[in-house]
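Examining the three-dimensional arrangement
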Amino acid sequence: MAFSIPELATKLQTEGDAYKFLEDLRWGEKPVCPHCGVVDDHYFLTPKNGQSRRTRTGTASQRRVWKCRACRKQFSVLTGTIFHGSKIPVRTWVFVVFEMASSKNGVSAREIERKYDLTAKTAWFMLHRIREAMKRDPIAGLLSGRVIADETYIGGKPKNRHRNDRRERSGERKQNPYLTDKTPVLALVSRETGEVRSRVLPTVTKDTLRDAIAEEADMPNTHLHTDGSFRYPRIAHHFASHSRVDHEADEWVRDDVTTNHAETYFSQLKRSIDGTHHHVSVEHLPRYLAEFDFRYSTHENSDTERMGRLVGNVAGRRLIYRDFGQA
């Protein structure tokens, strides 16, 4: 099943169509109870008029409701997911999820606000809920084999601040305004699978690099590829091997050793932040990284396949606005 936005618009004429579409993507032909986990032991609660039922507020809803024979609880395809409790039409959710899955440069909250007639806060929080589903599974295995490690810095330069910006610079940055206080980001790219895993670092030292890589890679079984940074040789003994290319000597590829994959990822990330989002706060940067990790790691999939994977991750990742903070 392949689709585009015009095809989705034709296929999803009503809210009931959107519910059925999500059911097909998430469950196939076997609904899963989000309360007890029982598979395919439920029955559909058909509305009296065959199409919609009245809610507590008296409005008509086309929500498709199921009841579990095991635990006797009702549920829908939205229960316990990033969509749970949302007042946004399910049809709108489907379109926005597809845009997030298919847009190489991402999509801004302001664009979603304009396109779908939402408030700015609603659009912003909606996209963060989708980014939550783009996060890597917590029980994902460790990387091994050939792994590229590289760092970059996200944010503006202190020397470009307005003279009235009174934010303090810490340590030696107070004496040298040309030293950056940007946010460091580490990316690990598996040459075996094409998967990328990135994260924000507090600082870039041999200890922070070692600890961050240890959480994502099986170091004794990893052949590390890096640039000429002086920090990696200091932790090289933790790995099966360490090879590097010297960019200062205009060396970018040597045999199969290169950091080009990580630099490609960073190039896309920075262009998208600058061109699409314009500004990303440090507080929410990890969620944006998860978004770009997801799309990069699935770049060989079609938009339809990528959306299917994304919808498959929506369960158990609910966000609540009052606990989430402001942009």
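See the structure above.
Attention in this report is confined to the structure presented alongside it. (Residues numbered from 1 in each chain as written. Predicted model: local features only at pLDDT ≥ 70, side-chain atom pairs only at ≥ 80, totals over all residues. Heavy atoms only, no water.)

Let us look at the layout of surface pockets. As a volume, the largest pocket reaches approximately 860 Å³. Forming the boundary of the largest pocket are 25 residues, of which Tyr-19, Thr-55, Ser-61, Arg-63 and Ser-86 lie nearest the centre. Only α2 (15–26), β2 (53–54), β3 (60–61) and β5 (74–75) provide two or more residues apiece to the lining of the largest pocket. For the lining of the largest pocket, the per-class residue count stands at 8 nonpolar, 11 polar and 6 charged. (1 Å grid on protein atoms, 1.4 Å probe; cavity = no way out; pocket = protein on both sides within 12 Å on 5 of 7 lines; lining within 4 Å. Points joined across faces, edges and corners; volume = space filled by probe spheres on them. Helix = DSSP H or I, 4+ residues; strand = E, 2+ residues; numbered from the N terminus. Nonpolar A, V, L, I, M, F, W, Y, C, P; charged D, E, K, R; others polar.)

This part is about the sheet that holds β5. Hydrogen bonding along the main chain pairs the strands of a sheet, whether they run parallel or antiparallel. The 3 strands lie next to each other as β1-β4-β5, forming an open sheet whose pairing is antiparallel. Looking at which strands have only one partner, the edges of the open sheet turn out to be β1 (42–44) and β5. As paired strands, strand β4 (residues 66–68) and β5 are joined by 2 bridges and run antiparallel to one another. For Lys-67, the partnering residue across the bridge sits in β5 and is Gln-74. (Pairing = 2+ DSSP bridges.)

Relative to strand β8 (residues 196–200), strand β7 (residues 183–190) is paired through 5 bridges, and the arrangement is antiparallel. Note that in β8 the partner of Val-189 across the bridge is Val-196. Where β7 hands over to β8, the hairpin turn is made up of 5 residues, of which Gly-194 adopts a positive phi near 80 degrees.

One side chain can pair with another of opposite charge once the charged atoms of both are near each other. As enumerated under the stated definition, the model contains 22 salt bridges in all. The salt bridge involving Lys-20 is made with Asp-24; its shortest N-O contact spans 3.0 Å. With Lys-20 and Asp-24 both in helix α2 and 4 residues apart, the pair spans about one turn of that helix. For Lys-20, a relative accessible area of 36% puts it in the partly exposed group. Of the charged contacts, one joins Glu-291 and Arg-295 as a salt bridge, the two residues approaching to 2.7 Å between their closest N and O atoms. With Glu-291 and Arg-295 both in helix α8 (residues 285–297) and 4 residues apart, the pair spans about one turn of that helix. Of the two residues examined, Glu-291 and Arg-295, each falls in the buried class. (Salt bridge = Lys/Arg side-chain N within 4 Å of Asp/Glu carboxyl O. Buried < 20%, exposed > 50% of the residue type's maximum accessible area, 1.4 Å probe, protein only.)

The next subject is the packing of aromatic side chains. All chains considered together, the criterion is met by 10 aromatic pairs. With a centroid separation of 6.4 Å and an interplanar angle of 85 degrees, the aromatic rings of Trp-27 and Trp-66 are classed as edge-to-face. With Trp-27 in the loop between α2 and β1 and Trp-66 in strand β4, the pair connects residues that are 39 residues apart, well separated along the chain. The exposure class of Trp-66 is buried, given its relative accessible area of 13%. Seen in terms of ring centroids, Phe-125 and Tyr-321 are 5.1 Å apart; in terms of plane orientation they differ by 85 degrees. Their pairing is edge-to-face. Placement of the pair is Phe-125 in helix α5 (residues 120–134) and Tyr-321 in the segment after α9 (303–311), with a sequence separation of 196 residues. The exposure class assigned to Tyr-321 is partly exposed, which follows from its relative accessible area of 25%. Stacked on the ring of Phe-44, the Lys or Arg Arg-64 has its end atom at 4.4 Å from the ring centre. (Phe/Tyr/Trp six-rings, centres within 6.5 Å; stacked < 30°, edge-to-face > 60°. Lys NZ or Arg CZ within 6 Å of the ring centre and 35° of its normal.)

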